[in-house]
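Structural overview
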Amino acid sequence: MTDQLTEHESTDGASIASQPRLRDANWTFERIWRRARYPVITLINLSIFALLWEWGATIYDNANFIPTFSDMAGAFKIGWIGGGADSTNETFDLLQDFVIAKNFWVTIQVYGVGLIASILVGIPIGLVMGGSRWADAILSPYVWTFSSLPRIALFPILVLFLGLGNEIKYALVILTAIFPVIINTWAGVKTTEQSLINAARVFGASRRQIYQKVVLPYTLPFVVSGIQLALSRGLVGVVIAEFLTGASKDGGLGWLIFRAARGFNGALTYAALMSLAVLALVLVQGTRSMEAKIAPWRQVSKT
Amino acid sequence: MSTQPTVNSSRGDPLVVAENMTVGYELERERKLLTALTDINLTVHEGEFLVLVGPSGCGKTTFINAVAGLLQPWEGTITYDGQPIKGTSQDRSMVFQDYAVMPWRTVEQNVKMPFEFRDTGLSASQIEDQVKSMIGNVGLQGFENSFPHELSGGMRQRVGIARAMVTQPRLLLADEPFGALDAMTREVLQAQLETLVMDAGQTVVFITHSIDEAISLGDRVAVISHRPGTVREIIDVDIERPRLAEGEITRHPEYGALREHLWGLVKDEALGAKGAVV
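Quick caveat, the model's predicted, so the values are computed rather than measured. One numbering rule holds for all chains: residues counted from 1, following each sequence as written. Each chain gets a letter, beginning with A, and each ligand a number, beginning with 1, in the order they are written. Only residues with pLDDT of 70 or above have their local features reported here, since the model is predicted, and side-chain atom pairs are shown and tallied only from 80 upward, although totals for entire chains, interfaces and linings are computed over all residues. Neither water nor hydrogens contribute to the side-chain values; these are computed over all heavy atoms in the structure.

**Observations concerning the overall build of chain B**
Operational definition: By definition, any uninterrupted DSSP run of H or I lasting at least four residues is a helix, any uninterrupted run of E lasting at least two residues is a strand, and each is numbered from the N terminus. It is over C-alpha atoms that the radius of gyration is taken, and the globule rule equals 2.2 Å times the number of residues to the power 0.38. Here's how the labels work: a residue is buried when its accessible area is under 20% of the maximum for its type, exposed when over 50%, partly exposed in between, all with a 1.4 Å probe on protein chains only. Residues count as neighbours in contact if any of their non-hydrogen atoms are within 4.5 Å of one another. Throughout, the Shrake-Rupley method with a 1.4 Å probe supplies accessible areas, and for residues the shown protein chains are the sole cover considered. None of His or the chain ends enter the tally, which takes Lys and Arg as positive and Asp and Glu as negative. Every charge is mapped onto a representative atom, which is NZ of Lys, CZ of Arg, CG of Asp or CD of Glu.
Summing up its helical and strand segments, chain B has seven helices and 10 strands in all. A compact globule built from 278 residues should have a C-alpha radius of gyration of about 19 Å, and chain B, at 19 Å, falls within 12% of that. Overall size of chain B, expressed as C-alpha extent along the three principal axes, is 50 × 50 × 35 Å. Burial analysis of chain B (278 residues in total) assigns 53% to the buried set. Here the contacts in chain B between residues at least 6 apart in sequence split such that 72% fall between residues at least 24 apart. For chain B, the accessible surface area stands at approximately 11800 Å², while carbon and sulfur atoms represent 49% of it. Within chain B, the 38 negative side-chain charges are centred at a point lying 5 Å from the centre of the 25 positive side-chain charges.

Rendered as structure tokens:
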């Protein structure tokens, strides 16, 4: 019984690290490089990208379509931290101090509220559909129809009911974000391994305990991937809503990109677009590590 | 090697009795009922190690699920200690083919699981002690806080065994527990299971499709025919224990004859199954 060495050793680094096999190594150049290479490569990579951009834009020579990287960076700086906008020309020039920051905040608010609503409503719907055949039979036609429908097609009807204010933006975010949450949650409940449920039953779990202690933890990583999908879908929803609602002032990042492009302000268009890209990147990477933390037994990841 | 289910002197009272039991399960996707076992008559005696062998798909798992209380017989009866089996019980525990350990729980939390669902009357510290010593018994000390995905298949099944035995059930059900393991790990675990069961004095119903495993572990080996399954023959294995802890059971004078006889039976069934179903 003590002879556990006949077993294969654990693949886990932590348990192997507990064995006295580790020794200190010298900080050779190679070891330092191995640690630092990814940030360094990324930095070089992005620098080359910026240089190519600068060079390409100079040759193309149409700042309305493609500004130089430095012009874009200038607009980025003014739009985020201010200092230098030509305030004498306010009515015609969108590029005001803090304009990106302001619109970013507008977008984040609508997006955040819509997402939280999608998550809070979507998870229970998915759980109920997964857990009850009746609920599944009743709800699934609607869920599958709506999730397949290009939801932007609902916009004209939604305008009639909700107008062109914030309500329609919330509606579009929810309509784009809620279905991945519902469907992933449902799939998690549905695919819970029968042998895990059988094990819980053998050890005396009631129906409720099976749901709490087996189905819910099994479903959790599915919910996380659903949320991950919802994050990117919802961002599409909010940007499209902002394109279409056309506020007179500060209608969000989508609005800003749309208006700036229409006004041939290439620098601001691209600066706002970069801000959106950074937001999306941060969100996706953030949830990716969240998934790995919540469910380390699952292989990451699908996007 | 008798072909009649004779009661030998060391064998205890009947613990599980299946009489003319027919049982199956629902194929959910096709909305069909599938008969897995027909007219089964089989008795498990207190203290014995009963092995069921048969071709895959012959209903061995269905039998063990019925004993566990996960399935109800369609016809006939199945009793435990004289009472019809209506549901699962603390007395009957199970080791699963695919381990069925909860991936989000550590080794310790997995082994402790049976205590969460049933009141064993033990205090929290008694439970701690029992869990700890059981983890030691299966050779997992030092891995209490590891997660299953950090462990090898053999170690995961050790968790499954510990979880099944930690409440000291009277009857241990094992559904092809070593089927997915490599040959070396399997032999190690077979020997350890034999020791654990001998120490605890448990009754065991063990499923395998390996004839060698059946002879190595079983006091009796029941050959189940192909679907719908029924008991084809029951064979006594009168080889003294411990069989696996030391020495080589395959060198035992009776081993070869037993193996040949069993293989003859199982081969018929396997071929029959092929012709019947594929």
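Let's pick the thread back up.
**Description of helix α3 (residues 124-137) of chain B**
Residues and elements named next belong to chain B. For clarity, the threshold we go by: Take the number of residues in a helix, subtract one, and multiply by 1.5 Å to get its expected span. It is the directions from the helix axis to the C-beta atoms that the arc portrays.
Between its first and last C-alpha, α3 extends 20 Å over 14 residues, near the 20 Å set by a 1.5 Å rise per residue. Residues Ile127, Gln130, Val131, Met134 and Ile135 constitute the buried set of α3. With its buried residues spanning 130° around the axis, α3 presents them on a single face. Exposed residues on α3 whose side chains face more than 90 degrees from its buried face are Asp129 and Lys132.

**A word on the environment of Ala292 of chain A**
Examined against the element boundaries, Ala292 of chain A turns out to sit in helix α11 (residues 266-294). Taking the C-alpha atoms as reference points, Ala292 of chain A and Pro221 of chain A, 71 residues apart in sequence, are found 8.9 Å from one another.

**Structural notes on the side chain of Ser118 of chain A**
All names here are of chain A. Relative to the assigned elements, Ser118 resides in helix α4 (residues 99-131). Overall, Ser118 belongs to the buried group, its relative accessible area being 0%. Here Ser118 is in contact with Ile123, Val173, Ile174, Ala177, Ile178 and Val181, once residues within four sequence places are set aside.

**A closer look at the domain arrangement of chain B**
Residues and elements named next belong to chain B. Rule in force here: The start and end points of each domain follow an automatic or database-based domain assignment. Two parts placed together each lose some accessible area; with a 1.4 Å probe, that loss summed over both constitutes the buried area. A pairing counts as a salt bridge when a side-chain nitrogen of Lys or Arg comes within 4 Å of a carboxyl oxygen of Asp or Glu. Here a polar contact is recorded for every N or O atom pair within 3.5 Å, except that within protein the pair must consist of a potential hydrogen donor and a potential acceptor, and residues adjacent in sequence are included only if both atoms are side-chain atoms. Basically, the charged four are Asp, Glu, Lys and Arg, the nonpolar ten are Ala, Val, Leu, Ile, Met, Phe, Trp, Tyr, Cys and Pro, and anything else, Gly included, counts as polar.
Taken domain by domain, chain B holds domain 1 (14-91 + 171-276) and domain 2 (103-168). Of note, the centres of domain 1 and domain 2, computed from C-alpha atoms alone, are 25 Å apart. On the side of domain 2, 14 residues touch domain 1, which itself brings 16 residues to the contact. Buried area between domain 1 and domain 2, both sides added, is near 1100 Å², and the carbon and sulfur share of it is 64%. For the pair domain 1 and domain 2, the interface holds zero salt bridges. The tally of links from domain 1 across to domain 2 stands at three residue pairs in polar contact (both at pLDDT 80 or more). By residue number, the principal contributor to the side of domain 1 that touches domain 2 is helix α5 (residues 183-200), which donates eight residues. For the side of domain 1 that touches domain 2, the class distribution of residues is 10 nonpolar, six polar and no charged.

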